[in-house]
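Now for the letters of each chain:
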Amino acid sequence: MSFTCSSLRFLFITFSVLSAFNSNATSLFSDYEGNGLTYSTADNQYSVQIRGRAQFRFASPGAGQPNDIGDFIAESGNQFDINRARLKVGGHAVREWVKYYWEYDAADSRTLNATIALEKYDGLKVKFGQWKVEYSRERSVSSGGQQMMDRSIINRVFTLDRQQGMSVYGHIDEGGAANFNYWTALLTGSGRGEYHNHDGNPMYAGRFQWNFLGKETGFKNSDIKRTSEPAAAVAVAGAKYRSIYTRFSSSGPGALDNIDIGETPDQYDVKQYLVDGAFFYQGFNAQGEYHEKEVTDRINGNRQTTLRGYYVQAGYFLNEQLTWWPAPLEVAARYATYDPKTGDDGDRFYERTLAFNWFINGHNNKVTAEVSDISMEQQSEEVGDRITWRLQWDVSF
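Just so you know, the residues in each chain are numbered from 1, in the order the chain's sequence is written. With the structure being a predicted model, the display of local features is reserved for residues of pLDDT at least 70 and the display and counting of side-chain atom pairs for 80 or more, all residues being used for whole-chain, interface and lining totals. Hydrogens and water are ignored here; the side-chain numbers use all heavy atoms of the structure.

## Overview of the overall build of the chain
- A count of helical and extended segments in the chain gives 4 helices and 19 strands.
- The cut-offs for exposure are 20% and 50% of the maximum accessible area for each residue type, with area from a 1.4 Å probe on protein chains only; residues under the lower value are buried, those over the upper are exposed, and the others partly exposed. Burial status across the chain gives 49% buried among its 397 residues.
- For the chain, long-range pairs separated by at least 24 residues make up 60% of all intrachain contacts whose partners lie at least 6 apart in sequence.
- Accessible surface is estimated by sampling points in the Shrake-Rupley manner with a 1.4 Å probe; for residues, cover comes only from the protein chains shown. Put simply, the chain shows about 18400 Å² of open surface, and 55% of that area lies on carbon and sulfur atoms. Secondary structure elements are defined from DSSP: runs of H or I of at least 4 residues count as helices, runs of E of at least 2 residues count as strands, and each element is numbered from the N terminus. Any two residues having at least one pair of non-hydrogen atoms within 4.5 Å are treated as being in contact.

## Some remarks on the side chain of Ser 190
- The residue Ser 190 is located in the loop between strand S8 (179–187) and strand S9 (203–210) in this model.
- Assessed through its relative accessible area of 0%, Ser 190 is described here as buried.
- Each residue touching Ser 190, except ones within four places of it in the same chain, is listed here: Gln 163, His 196, Asn 197, His 198, Tyr 245, Phe 248 and Pro 253.

## Some details on the pairing of strand S13 (residues 268–281)
- By the convention used here, strands pair only if DSSP detects at least 2 bridges between them. The pairing of strand S10 (residues 231–243) with S13 spans 13 bridges and is antiparallel. Looking at S13, one finds that Ser 243 is bridged to Tyr 268.
- Where S13 folds back on strand S14 (residues 284–297), the antiparallel hairpin that results is connected by 2 residues, among which Gln 282 adopts a positive phi of roughly 45°.

## Focus: the environment of Phe 180
- Mapped onto the elements, Phe 180 comes out in strand S8.
- Separated by 30 residues in sequence, Phe 180 and Trp 210 have C-alpha atoms that sit 4.7 Å apart.
- If we skip the residues at most four places from it in the chain, Phe 180 touches Gly 170, His 171, Ile 172, Phe 208, Gln 209, Trp 210 and Asn 211.

## Observations regarding a nonpolar patch on the surface
- A grouping of Phe 208, Trp 210, Phe 212, Leu 213, Val 234, Val 236, Tyr 273, Val 275, Phe 279 and Phe 284 is seen on the molecular surface, where their side chains present a nonpolar patch of about 820 Å² in accessible area.
- Elements with a contribution of two residues or more to the nonpolar patch: S9, S10 and S13.
- Looking at the nonpolar patch element by element, the count peaks at 3 residues for S13.
- On the secondary structure map, Val 234 appears in strand S10. A residue counts toward a patch only above 30% relative accessible area and without a salt bridge, and it is joined to like-charged neighbours within 9 Å or, for Val, Leu, Ile, Met, Phe, Trp and Tyr, to nonpolar neighbours within 5 Å. The salt bridge definition used is simple: a Lys or Arg side-chain nitrogen within 4 Å of an Asp or Glu carboxyl oxygen.

## What about unusual backbone geometry?
- Residue Pro 61 is reached from Ser 60 by a cis peptide bond, and omega for that bond is -5°.
- Mapping Pro 61 onto the fold places it in the loop between strand S2 (46–60) and helix H2 (69–73).
- With a phi angle near 50°, Ser 109 is a residue other than glycine that sits in the positive phi range.
- Along the chain, Ser 109 turns up in the loop between strand S4 (95–105) and strand S5 (110–121).

## A few points about the packing of aromatic side chains
- We call Phe, Tyr and Trp rings a pair once their centres come within 6.5 Å, taking the six-membered ring for Trp, and we label the pair stacked below 30 degrees between planes, edge-to-face above 60, and tilted otherwise. Per the counting criterion, the structure on display carries 13 aromatic pairs.
- Between Phe 279 and Phe 284, the ring centres sit 6.3 Å apart and the planes meet at 55°, which makes this aromatic pair tilted.
- Since its relative accessible area comes to 31%, Phe 279 is described here as partly exposed.
- These aromatic residues form a ring-pair network of at least three members: Phe 279, Phe 284 and Tyr 316.
- A positively charged side chain is recorded as over a ring if its NZ (Lys) or CZ (Arg) lies within 6 Å of the ring centre. The angle to the ring normal must also be within 35 degrees. The aromatic ring of Phe 280 is capped on one face by Lys 220, whose charged end is 4.9 Å from the ring centroid.
- For the cation-ring pair, Arg 226 lies above Phe 317, with the distance from its terminal atom to the ring centre recorded as 3.9 Å.

## Some remarks on the pairing of strand S15 (residues 303–316)
- Here 14 bridges tie S14 to S15, and the two strands are oriented antiparallel to one another. Each residue of the ladder has a partner; that of Tyr 290, found in S15, is Tyr 310.
- The loop that links S14 with its antiparallel partner S15 comprises 5 residues; one of these, Gly 301, has a positive phi angle of about 70°.

## Quick notes on the pattern of salt bridges
- What the rule picks out here adds up to 20 salt bridges.
- Between Arg 110 and Asp 108 there is a salt bridge, and its shortest N-O distance comes to 3.3 Å.
- Across the salt bridge formed by Glu 370 and Arg 390, the nearest N and O atoms sit 2.5 Å from each other. In this pair, Glu 370 is assigned in strand S18 (residues 365–378) and Arg 390 in strand S19 (residues 381–396), connecting sequence segments 20 residues apart.
- Residue class for Arg 390 comes out buried when judged on its relative accessible area of 8%.

## Let's talk about a negative patch on the surface
- On the surface, Asp 122, Asp 173, Glu 174 and Glu 216 cluster together into a negatively charged patch.
- Residue placement: Glu 216 occurs in the loop between S9 and S10.
- You can call Glu 216 partly exposed: its relative accessible area is 41%. Neither His nor the chain termini are counted; the positive set is Lys and Arg, and the negative set is Asp and Glu. To locate a charge, the coordinates of NZ of Lys, CZ of Arg, CG of Asp or CD of Glu are taken.

## Some points on the side chain of Gln 267
- By secondary structure assignment, the location of Gln 267 is in the loop between strand S12 (252–254) and S13.
- Relative accessible area serves as the criterion here: at 3%, Gln 267 is assigned to the buried category.
- As used in this structure description, the phrase polar contact means that two N or O atoms lie within 3.5 Å; if the pair is within protein, one of them must be able to donate a hydrogen and the other to accept it, and residues adjacent in sequence are counted only when both atoms belong to side chains. Here Asp 297 takes part through its side chain, which lies 3.1 Å from a polar atom of the side chain of Gln 267.
- Those residues in contact with Gln 267 that lie beyond four places of it in its chain are Ser 243, Gly 262, Thr 296, Asp 297, Arg 298, Ile 299 and Asn 300.

## Points about the confidence of the model for the chain
- For every residue, the predictor states its confidence as a pLDDT score lying anywhere from 0 to 100. Model confidence for the chain is summarised by a mean pLDDT of 88, while 89% of its residues fall at 70 or above.
- Low confidence marks residues 1–32, where pLDDT is under 50. Its contacts with residues over four positions away, or in another chain, come to 38 contacts.

So, in structure tokens, the structure goes:
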């Protein structure tokens, strides 16, 4: 695990700039409150925050989620992994509403996020660069703020993940139930690290969220603060693009199972949508999503493949009801299923996961113990099953 030369140069330049602002290096630590190193100029025209994060994981057997029948057959021993090692740099320049953010994954040597955002008005904001598109709630929640160690099995199939482009978004609060968030995006549709569009047609994406109880419900898991008044949201989102790709992840673009990378730049016409919701109240948090995705192969007779899947998830701090239950301990459970449409055998995947989170300092420092059962059926008969036990420490500093 190592930083690239460009990343080292970036760090050197960052600290050089800070030194130019103030020759007293100890000032870098003056505002430290457990959220990284922060610095701002006296006139507050410029600021920078540097944070790190590491995620240590033990899994038996193996760390990954099974994606096909071969994954159930393959033998995997116990595995210890530095699953994530992140460097995050953010702040504002010239004006407080001109914000920048950069995130690098040292474990896999790749830039994840690089954005500039203009956020002067709550109702109208603009962002440029590469980031995780605000499409599904599950994927928008940071990996450091998740309730479970990994996102559900449906995420791999339906996420838009990170893209490059621009977005217009905002929060509108007119009082009471007139409380909304919206995101619209014009993107390359080629995935992380791809700065051009292969066929000349962009990816269009949008999300509309109604915070119907009058309080903005952000992308988060676990009601650590024990919300005193109920907070809830429902949302719809959709996306449309043409590409050689049909699936995206942090590793970059790829293809769904049983669908090859396209032979022509616009071979696949992809349309997808979702409905999701979330609820928070007095230590309880629940959320769920339903997805559909239609892939049309334009050079093979307009053959269509339609995938559907959903998950439901909930967590609760039982000390709200049981006085003997430790206050920092949350119990959470999830059920997920989808049809991969990989053939005529009626394949279907199922996930059942149970997790316990011990919050030392919120999501900034937590330990998670988890057991997950993922199975695959063909024509209603089980053909694969794996139970995985995992332990993880996730710490931000």
